[in-house]
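Below, each chain spelled out in residue letters.
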Amino acid sequence: MARRPLVAGNWKMNGDRAGVDRLVRGILAGLAQGGGVEVMVCPSYVHIPQVAELTRGTPLAVGAQDLSEYDSGAYTGEVSGAMLAEFGCGSVIVGHSERRHLFGESDDRVAEKFAAALRHGLTPVLCVGETLEERRAGSTEQVIARQLDAVIGHVGVPALAGAVIAYEPVWAIGTGQTATPDQAQAVHAFIRERIGGRDPGLAGEVRILYGGSVKPDNAGSLFGMADIDGGLIGGASLDADAFLAIVRSAGQE
Ligand code: PGA
């Protein structure tokens, strides 16, 4: 069964009310050209209600960038999966490398967040990826396997059916230095094989996105690879025209 491409914008900590309004309207104006691609944007928590309102009844989906592993209670500053679902999110990014490396999220904590997303009916977009040092040391596959296995160990392989995986090499995020299509494909194939070792059917169905300096001029060659099913886009998702061009590239593959 063909996997439907997904292009998701990760806005990170960017935007204000007026800019969010312009960006969403800009994306919606060009989205009809996107074809069979699923398209999503992930604004900051505070902009989620605004984006949910602007996108109601449109093909543009809304996701969050993170969530709490807890469901409710005395956890100052946290936002639960239930809150995200109530405010219109269908998906949530889990384990982004900025969360792992800047905010100290461990593999175990990421796994708990993944489980929390599923508990609240949200599609987790699980990010995995190695640092430059890890790649140079030849431990890319070992790192990806560890990050993936932490989640599988916690929720079980069947739970991946409700998820999306994003391979984001840390050295390619926000650096302008993208993985080559072959480098990315090799890791995507590894991820699929790792899942296939436990459930071959599921491995063929789960979508694996590439993220890390995806731009309109490199998106086509990345999305053309056999195991790359779309992208998680940071910087280029803040510009409606660039984001739409990337969406169109995904539709051509
Ligand atoms: P980038 O970010 O496209 O700006 O490299 C990707 C991401 O962090 O998801």
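Here the structure is shown first, and the text comes after it.
Below or above, wherever it landed, is the structure these notes cover. Quick caveat, the model's predicted, so the values are computed rather than measured. Residue numbers here run from 1 along each chain, matching the order of that chain's written sequence. Where local features are concerned, this predicted model is filtered to residues with pLDDT of at least 70; where side-chain atom pairs are given and counted, the filter is 80 or more; whole-chain, interface and lining totals use all residues. Computation of side-chain values: all heavy atoms of the structure, hydrogens and water removed.

**What about the site of the ligand?**
Residues in contact with the ligand amount to 13 residues; listed here are only the nearest, Lys 12, His 96, Glu 168, Gly 174 and Ser 213. Within the contact set of the ligand, an oxygen atom lies 2.7 Å away from a side-chain nitrogen or oxygen of Glu 168. Here a polar contact is recorded for every N or O atom pair within 3.5 Å, except that within protein the pair must consist of a potential hydrogen donor and a potential acceptor, and residues adjacent in sequence are included only if both atoms are side-chain atoms. Taking Ser 213, its main chain carries an N or O atom lying 2.7 Å from an oxygen atom of the ligand. Only the protein chains shown count as cover for residues, and all accessible areas are computed by the Shrake-Rupley method using a 1.4 Å probe. If the ligand stood free it would expose 280 Å²; the protein chains cover 97% of that surface. Classes in brief: Ala, Val, Leu, Ile, Met, Phe, Trp, Tyr, Cys and Pro nonpolar; Asp, Glu, Lys and Arg charged; the others, Gly included, polar. Of the residues that constitute the shell around the ligand, the class distribution is 4 nonpolar, 7 polar and 2 charged. One heavy atom within 4 Å of a molecule or strand is enough for the residue carrying it to be called near that molecule or strand.

**Comments concerning the sheet that holds strand β1 (residues 6-10)**
At least two bridges found by DSSP between two strands are what make those strands a pair. Put simply, DSSP marks the helices as runs of H or I at least four residues long and the strands as runs of E at least two long, and each gets a number from the N terminus on. With parallel pairing, 8 strands are arranged side by side around a closed barrel as β1-β2-β3-β4-β5-β6-β7-β8. Across the sheet, the mean angle from the axis of one strand to that of its neighbour is 25°, orientation sign disregarded. With 2 bridges connecting them, strand β3 (residues 60-64) and strand β4 (residues 91-94) associate as parallel partners. Counterpart to Ala 64 in the pairing with β4 is Val 92. Angles shown run from 0 to 180 degrees and are taken between the N-to-C directions of axes, each axis being a line fitted to C-alpha atoms and, for helices, limited to the stretch in contact.

**Some details on the packing of aromatic side chains**
A pair of aromatic rings is counted whenever rings of Phe, Tyr or Trp (Trp by its six-membered ring) have centres within 6.5 Å, and the orientation is called stacked for planes under 30 degrees apart, edge-to-face for over 60 and tilted otherwise. The tally for this structure, following the rule as stated, stands at 2 aromatic pairs. Centre to centre, the rings of Tyr 70 and Tyr 75 are 3.9 Å apart; their planes meet at 5°, and the pair counts as stacked. Geometrically, a charge over a ring is one whose NZ (Lys) or CZ (Arg) sits within 6 Å of the ring centre while staying within 35 degrees of the ring normal. Note that Arg 99 overlies the ring of Phe 103, its terminal NZ or CZ placed 4.2 Å from the centroid.

**Regarding the layout of surface pockets**
Definitions used throughout: a 1 Å grid over protein atoms alone; a cavity as a set of points that fits a 1.4 Å probe which cannot get out; a pocket as an open set with protein on both sides within 12 Å along at least five of seven lines; a lining residue as one with an atom within 4 Å of a point. Grid points are joined across faces, edges and corners, and a volume is the space filled by probe spheres set on the points. Approximately 520 Å³ is the volume found for the largest pocket. As for the largest pocket, its lining consists of 21 residues, and the residues nearest its centre are Met 13, Gln 65, Asp 66, Arg 99 and Phe 103. For the lining of the largest pocket, the secondary structure elements donating two or more residues are α4 (97-102) and α5 (107-119). Taken together, the residues of the lining of the largest pocket break down into 8 nonpolar, 6 polar and 7 charged.

**Notes on helix α8 (residues 181-196)**
With 16 residues, α8 should cover 22 Å at 1.5 Å per step; its first-to-last C-alpha distance of 22 Å lies within 8% of that length. When a residue's accessible area, from a 1.4 Å probe over protein chains only, is under 20% of the maximum for its type it is buried; when over 50% it is exposed; and in between it is partly exposed. Of the positions making up α8, those classed as buried are Ala 184, Gln 185, Val 187, His 188, Ala 189, Phe 190, Ile 191, Arg 192, Ile 195 and Gly 196. Each residue after the first adds 1.5 Å to the expected span of a helix.

**Some details on empty space enclosed by the protein**
Within the structure shown, the criterion is met by 1 cavity of 30 Å³ or more. Within this model, the largest cavity holds a volume of roughly 40 Å³. Along its surface, the largest cavity is lined by Gly 95, His 96, Ser 97, Arg 100, Cys 127, Val 128, Gly 129, Gln 147, Glu 168 and Val 170. At the level of elements, α4 and β5 (123-128) are the ones that each hand at least two residues to the lining of the largest cavity. For the lining of the largest cavity, the per-class residue count stands at 3 nonpolar, 5 polar and 2 charged.

**Some points on unusual backbone geometry**
The phi dihedral of Lys 12 falls on the positive side, at around 55°, and the residue is not glycine. Looking at the secondary structure, you find Lys 12 in the loop between β1 and α1 (17-30). With phi around 55°, Ser 213 is a residue other than glycine that occupies positive phi space. By the secondary structure assignment, Ser 213 is in the loop between β7 (207-211) and α10 (216-223). Given the relative accessible area of 10%, Ser 213 is considered buried.

**A look at the nonpolar core**
If you look at the biggest cluster of nonpolar residues, it comprises 67 residues, and the most contacted ones within it are Val 7, Ile 27, Leu 84, Ile 191, Tyr 210 and Phe 223. Residue contributions to this core peak at 7 residues, all from helix α11 (residues 240-251). Joining through side-chain atoms within 4.5 Å is the link that ties buried Ala, Val, Leu, Ile, Met, Phe, Trp, Tyr and Cys residues into a set, and such a set is a nonpolar core. Formed by 11 residues, the second largest nonpolar core is a distinct cluster that contains Ala 8, Met 40, Ile 93 and Val 164.

**Some thoughts on the side chain of His 47**
Relative to the elements of secondary structure, His 47 occurs in the loop between β2 (38-42) and α2 (48-55). In this structure His 47 comes out as buried when scored by relative accessible area, which is 11%. In this analysis, two residues are considered to be in contact whenever any of their non-hydrogen atoms come within 4.5 Å of each other. Setting aside its immediate chain neighbours within four residues, His 47 contacts Gly 15, Asp 16, Arg 17 and Val 20.

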